Amino acid sequence: MFGDLLENSTTEGVFSALVNKVRDWSLQTNNGGNEIDVSHGVGSAVAVEGAFKRYGRVQVLHDLSMDVPKGSIYGLLGASGCGKTTLLGCIVGIKRLDSGNVYVFGERAGGRNESRIGYMPQATGLYGEFTVTETLRFFGRVIGMDEAKIDERSRYLVDLLALPPHEGSVANLSGGQQRRVSLAVALLHEPELLILDEPTVGVDCTLRELIWEHFKSLTGNGGVTIIITTHYIEEARQANRVGIMRGGCLMAESAPAVLMKRHQAETLERVFLALSVEQNQAKRTVGIAARADRPKATGRWPIERGHMKALVWKNALWLRKNLTVLAVVTLLPVVMVSVFCLAIGHSPFDLTVAVVNQEVGFRNCNSTLVCGSEEASCAFLGYLEERGLVMRYFESEGDAIASVMKGETYASIVIRRNYSRGLHVRAYDWQGLSVSELAGSSIDVFRDLSNKHLAIHLQITLYQTFQQFFYDYIESCGRRWEAMKVPVQWEAVYGSMNPNFTDFSIPGVLLSIIFIIGVILTAYAMLIERNEASLERTLAMGVTKVELLTAHIVIEYAIMSTQIVLAMLCAFLVFGMTIEGSLLLSTLLLMLAGFCGISYGLVISCVSNSPIIIALAAMGSYFAIVLTGGLIWPIEAMHWLLKPFALFFPLTKSTESLRHIMHKGWGLFDGDVYVGFLSVITWSLVLLSFSVVLIKFQKN
Ligand SMILES: Nc1ncnc2c1ncn2[C@@H]1O[C@H](COP(=O)(O)OP(=O)(O)OP(=O)(O)O)[C@@H](O)[C@H]1O
């Protein structure tokens with residue numbers, strides 16, 4: 001309708017003087033019996049005084065005043081982007097003015113009169129997965145209706161608005177059907193004030209007529225007040241009063257017939273054009289109006305039982321309808337723990353090495369270990385094969401080294417011609433060992449050191465294999481091999497004699513998995529909630545943001561408990577990770593880490609509503625935590641600049657504590673186990689408080 005007069009979002013200047021003049025004049029000449037005085041007295045359902053509102057640099061409402069008499073239909077008209085939805089949001093209480101006042105039934109907007117208001121946002125504001133019945137049940141519960149009343153009203157509205165059968169989900173309805181469901185939600189609790197943002201878009205003319213008849217009967221018989229925005233301008237002729245907005249100002253406010261008469265126009269559209277011309281002329285002459293006082297926020301207890309029950313029910317219903325998501329989320333930690341245990345900490349096997357055995361060449365030889373054997377090198381290579389090395393034999397040393405250089409083998413092992421003789425002298429008569437025997441009994445190894453893990457593994461394998469082989473050779477010669485041992489006796493206070501990297505890392509891995517899943521789930525749940533238009537509607541019904549958060553935390557905690565139990569069963573029962581201490585204490589620490597993740601997820605979701613930023617923040621912090629938390633490399637080895645900070649990160653101390661519990665069997669007050677608990681609790685509380693502050697002070 002107003003397509004040719006689309007608002008300029010950078011509208012400058014204030015036209016309040018002229019606007020107020022036009023408006024006053026309209027009111028003076030108004031002869032509508034439905035009209036009442038503009039002050040927010042007894043007769044006003046809604047009164048707006050000197051409203052200012054801007055989004056960043058864009059001034060959206062500009063010294064706007066309006067008055068909606070009780071029991072009337074008020075049509076709010078204006079071009080796209082002129083600020084109608086913003087104004088409605090301020091009346092409903094989900095948006096705050098920068099300055100000015102909004103009164104609803106004589107009380108400041110945003111107070112406790114949500115049960116008297118029915119709000120239909122511009123977007124449908126519904127949960128796509130729910131059926132019509134479930135949608136009406138949820139919003140009925142939020143507003144505090146009893147079940148019988150919800151059923152009764154649902155039947156009535158389904159009939160009135162010709163809503164489709166109940167079984168299908170709302171997302172599968174047509175646009176017009178969805179708008180009707182949305183209207184039904186607004187009408188559900190029989191509110192005294194209906195605020196409807198374009199309720200008849202996508203509705204056919206017959207049904208539109210019917211809906212308007214219903215509005216008229218509501219205002220006529222029931223004393224209900226309706227504020228309605230519409231782009232079908234002719235519709236607004238049926239309203240008792242229309243307000244015409246432009247550039248964030250109300251240019252006129254009066255009965256449609258009065259406005260048309262005053263401007264000698266046949267349609268309201270022509271009235272709008274005439275007013276726009278007058279406003280443009282005033283733009284050049286009128287200065288900026290003073291701002292009114294900033295309204296004070298209304299204080300209230302942020303959590304109500306009824307709201308919480310409805311929200312938790314809604315979240316649980318959403319999960320029931322998204323069982324795949326629920327299954328994936330619940331099993332994710334088990335999958336991550338399994339992948340970790342299967343992938344990390346095991347010794348490499350089937351490593352190929354190049355071998356040049358100058359003692360026997362390519363001929364077959366006897367690998368049995370016998371004292372004084374001329375082919376002891378074969379026995380040694382047999383030992384290496386038993387340790388899982390794969391041998392590739394070469395004729396010359398150069399070919400063997402070339403195979404390492406080409407990446408075909410990991411090392412080349414060269415055994416000299418008189419190896420067996422030298423070895424025998426070393427084992428049997430070492431005092432008489434000559435220089436040539438010493439050199440001949442040495443094995444030359446050329447390794448590819450570019451892969452540190454594999455190179456060290458090969459080195460350890462060769463040392464250990466040779467040690468065993470040499471002890472066995474000494475024994476086969478009837479000598480005591482114990483005399484050759486390094487004279488150090490090793491014993492374990494905690495842990496096994498053969499420590500395992502997987503076992504070392506699993507406490508930190510469990511904590512970090514539960515933490516990061518908490519972060520991601522919360523951030524995305526809040527993102528979805530924020531981006532759903534249903535949030536506007538839920539907030540308009542008096543649900544607080546703190547209640548929304550708490551309901552999410554409740555559901556997430558239920559999921560998290562299952563995640564933790566499954567992840568621990570997987571780690572301890574399936575992969576045999578060490579658990580010497582209390583399972584309960586370990587679970588508690590994991591729950592706290594999960595809570596810390598949830599709190600951090602809340603902070604991220606408050607700071608940004610971009611999925612990319614959320615993903616980057618979550619992954620970035622995860623890597624920082626994993627790298628600095630002592631999970632994969634000891635903190636003792638960390639750079640001195642980073643170390644003091646790393647100790648304060650949320651999972652550093654808690655990883656140590658969980659390791660003490662799991663590997664040493666320590667209790668809460670043994671060593672500094674309690675410090676890990678304190679650290680993660682402190683982080684959770686700080687992050688949670690921060691997110692609550694951010695949420696509280698977010699205006700839009
Ligand atoms: N959350 C927001 N952040 C920044 N700018 C916003 C926000 N909401 C609205 N705006 C801007 O404020 C102006 C008024 O928007 P509003 O939705 O109130 O207009 P409207 O009159 O309802 O438009 P329409 O008839 O198309 O729905 C527009 O320029 C819009 O881009």
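According to the UniProt record, the Subcellular location (unreviewed entry) comment for the protein reads "Membrane".

A. Quick peek at the sheet that holds strand β13 (residues 411-415). Strand order across the open sheet formed by four strands is β12-β11-β13-β14, with mixed pairing between neighbours. Looking at which strands have only one partner, the edges of the open sheet turn out to be β12 (389-393) and β14 (443-447). Neighbour to neighbour, the strand axes of the sheet diverge by 25° on average, direction disregarded. With five bridges connecting them, strand β11 (residues 351-357) and β13 associate as parallel partners. Paired with V356 across the bridge in β13 is V414. With respect to the sheet, helix α12 (residues 397-405) is in contact with β11, β13 and β14, its orientation differing from that of β13 by roughly 165°.

B. Representation of the site of the ligand. Neighbouring the ligand are 13 residues; S80, K84, T85, T86 and Q122 lie closest to it. In this structure, an oxygen atom belonging to the ligand sits 2.8 Å away from a main-chain N or O atom of G81. Residue T86 places a side-chain N or O atom 2.6 Å away from an oxygen atom belonging to the ligand. Relative to its free-state accessible area of 630 Å², the ligand is covered by the protein chains to the extent of 65%. Counted by class, the shell around the ligand contains four nonpolar, seven polar and two charged residues.

C. Broad picture of unusual backbone geometry. Positive phi values are uncommon outside glycine, yet A162 reaches one of about 50°. Relative to the helices and strands, A162 resides in the loop between α4 (147-160) and α5 (175-187). Residue A162 is classed as partly exposed on the basis of its relative accessible area of 43%. The backbone of Q264 sits at a positive phi, close to 45°, despite the residue not being glycine. With respect to the element layout, Q264 can be found in the loop between α7 (256-262) and α8 (268-283). By relative accessible area, which is 76% here, Q264 ends up exposed.

D. Focus on the packing of aromatic side chains. Taken as a whole and assessed by the stated rule, the structure comprises 17 aromatic pairs. The interplanar angle of 35° and the centroid separation of 6.0 Å between the aromatic rings of F501 and F504 together place this pair among those described as tilted. One end of the pair, F501, and the other, F504, are both in helix α16 (residues 501-531), three residues apart, so they sit about a helical turn from each other. Among the residues examined, F504 registers a relative accessible area of 26% and is labelled partly exposed. Ring-pair connections join several aromatic residues into one group, and the members of that group are F380, Y383, F466, F469 and F470. The ring of F105 has R116 lying over it, and the distance from NZ or CZ to the ring centre is 4.0 Å. The residue whose ring lies beneath R141 is W313, and the NZ or CZ to ring-centre distance is 4.4 Å.

E. Spatial organisation of the environment of E190. Here E190 lies in the loop between α5 and β7 (193-197). For E190, a relative accessible area of 46% puts it in the partly exposed group. E190 sits 34 residues away from V224 along the chain, and the two C-alpha atoms are 8.8 Å apart. Those residues in contact with E190, other than ones at most four positions away along the chain, are K149 and R153. At 3.3 Å, the side chain of E190 and the side chain of K149 are in polar contact.

F. Spatial organisation of the state of the cysteines. As enumerated under the stated definition, the model contains two disulfides in all. One disulfide bridge connects C365 with C378, the sulfur atoms lying 1.7 Å from each other. Sign of the S-S torsion, about -110° for the bond between C365 and C378, identifies this disulfide as left-handed. Residue C365 is located in the loop between β11 and α11 (376-386), and its partner C378 is located in helix α11; the two are separated by 13 residues in the primary sequence. The exposure class of C378 is buried, given its relative accessible area of 5%. Here C371 connects covalently by a disulfide to C477, the sulfurs 1.9 Å from one another. On the sign convention where negative means left-handed, the S-S torsion of about 105° between C371 and C477 marks this disulfide as right-handed. Of this pair, C371 sits in the loop between β11 and α11 while C477 sits in the loop between α15 (452-476) and α16, placing them 106 residues apart in sequence. Look at C477 and you get buried, because its relative accessible area is 12%. Regarding the disulfides, the protein carries the connectivity 1-3, 2-4 under sequence-order numbering of its bonded cysteines. Here C570 is not cross-linked by a disulfide; its sulfur's nearest cysteine counterpart is in C341, at 6.2 Å.

G. Broad picture of the domain arrangement of the protein. Domain assignment breaks the protein into domain 1 (44-281), domain 2 (311-342 + 500-697) and domain 3 (351-483). Distance from the C-alpha centre of domain 1 to the C-alpha centre of domain 2: 42 Å. Listed by partner, the interface residues are 25 residues for domain 1 and 20 residues for domain 2. Put simply, K321 and E134 hold a salt bridge, and the shortest N to O gap is 2.9 Å. The interface formed by domain 1 and domain 2 includes six residue pairs in polar contact (both at pLDDT 80 or more). Within the residue set of the side of domain 1 that touches domain 2, elements represented by two or more residues are β6 (117-120), α3 (132-143) and α5. Here the side of domain 1 that touches domain 2 gets seven residues from one element, more than from any other, and that element is α3. Residues of the side of domain 1 that touches domain 2, tallied by class, amount to 15 nonpolar, four polar and six charged.

H. Spatial organisation of the sheet that holds strand β10 (residues 249-254). Strand order in the open sheet made by the six strands is β6-β7-β8-β3-β9-β10, with mixed pairing throughout. On the outer flanks of this sheet lie β6 and β10, each paired with one strand and no other. Sheet twist, expressed as the mean angle between neighbouring strand axes with direction ignored, is 15°. Inspection of the sheet shows strand β3 (residues 73-78) paired to strand β8 (residues 225-229) by four bridges, in the parallel sense. Bridge assignment links Y74 to a residue of β8, and that residue is I227.

I. Inspection of a positive patch on the surface at higher detail. Where like charges cluster on the molecular surface, the positive patch consists of R96, R530, K545 and K696. Positionally, R96 belongs in the loop between α2 (84-92) and β4 (99-104). Since its relative accessible area comes to 37%, R96 is described here as partly exposed.

J. Representation of the pairing of β10. The buried fraction of β10 amounts to six of the six residues, a majority that puts the element mostly inside the structure. Summarising the sheet, strand β9 (residues 241-246) and β10 pair through five bridges and their orientation is antiparallel. Looking at β10, one finds that V242 is bridged to S254. The loop that links β9 with its antiparallel partner β10 comprises two residues; one of these, G247, has a positive phi angle of about 55°.

Analysis parameters
Once a new chain begins, its residue numbering starts again from 1 and follows that chain's sequence as written. Local features in this predicted model are restricted to residues whose pLDDT is 70 or higher, and side-chain atom pairs enter the listing and the counts only when it is 80 or higher, whereas totals over whole chains, interfaces and linings include all residues. Side-chain metrics in this entry use all non-hydrogen atoms of the structure; hydrogen atoms and water are not considered. UniProt positions are given in the numbering used here, feature names are shortened, and annotations may be inferred rather than shown by experiment. Only when DSSP finds a minimum of two bridges between them are two strands counted as paired. Secondary structure elements follow DSSP: runs of H or I of four or more residues count as helices, runs of E of two or more count as strands, with numbering from the N terminus. A fitted line through C-alpha atoms represents every axis, and for helices the fit uses only the stretch in contact; the resulting angles, taken between N-to-C directions, go from 0 to 180 degrees. The criterion used for residue contact is that any of the two residues' heavy atoms lie within 4.5 Å. Put simply, a residue is near a molecule or strand once any heavy atom of it comes within 4 Å of that molecule or strand. In protein, a polar contact means a hydrogen-donor-capable atom and an acceptor-capable atom, both N or O and within 3.5 Å, with residues adjacent in sequence counting only if both atoms are side-chain atoms; elsewhere, any N or O pair within 3.5 Å suffices. Using the Shrake-Rupley algorithm and a 1.4 Å probe, accessible areas are obtained, with residue cover drawn only from the displayed protein chains. Each residue gets one label: Ala, Val, Leu, Ile, Met, Phe, Trp, Tyr, Cys and Pro are nonpolar, Asp, Glu, Lys and Arg are charged, and the others, such as Gly, are polar. Exposure classes here rest on a 1.4 Å probe applied to the protein chains alone. A residue is buried below 20% of its type maximum, exposed above 50%, and partly exposed in between. Two rings from Phe, Tyr or Trp (for Trp, the six-membered ring) form a pair when their centres sit within 6.5 Å of each other. Planes less than 30 degrees apart are called stacked, planes more than 60 degrees apart edge-to-face, and all others tilted. Consider the ring centre and the ring normal. A charge sits over the ring if Lys NZ or Arg CZ is within 6 Å of that centre and within 35 degrees of that normal. Any cysteine sulfur atom paired with another within 2.5 Å is treated as part of a disulfide. Each domain's limits were defined by an automated method or a database of domain assignments. Every case where a carboxyl oxygen of Asp or Glu lies within 4 Å of a side-chain nitrogen of Lys or Arg is listed as a salt bridge. A patch is a set of surface residues, each over 30% in relative accessible area and not in a salt bridge, joined within 9 Å for like charges and within 5 Å for the nonpolar side chains Val, Leu, Ile, Met, Phe, Trp and Tyr. None of His or the chain ends enter the tally, which takes Lys and Arg as positive and Asp and Glu as negative. Taken as the charge centre is NZ of Lys, CZ of Arg, CG of Asp or CD of Glu, depending on the residue.

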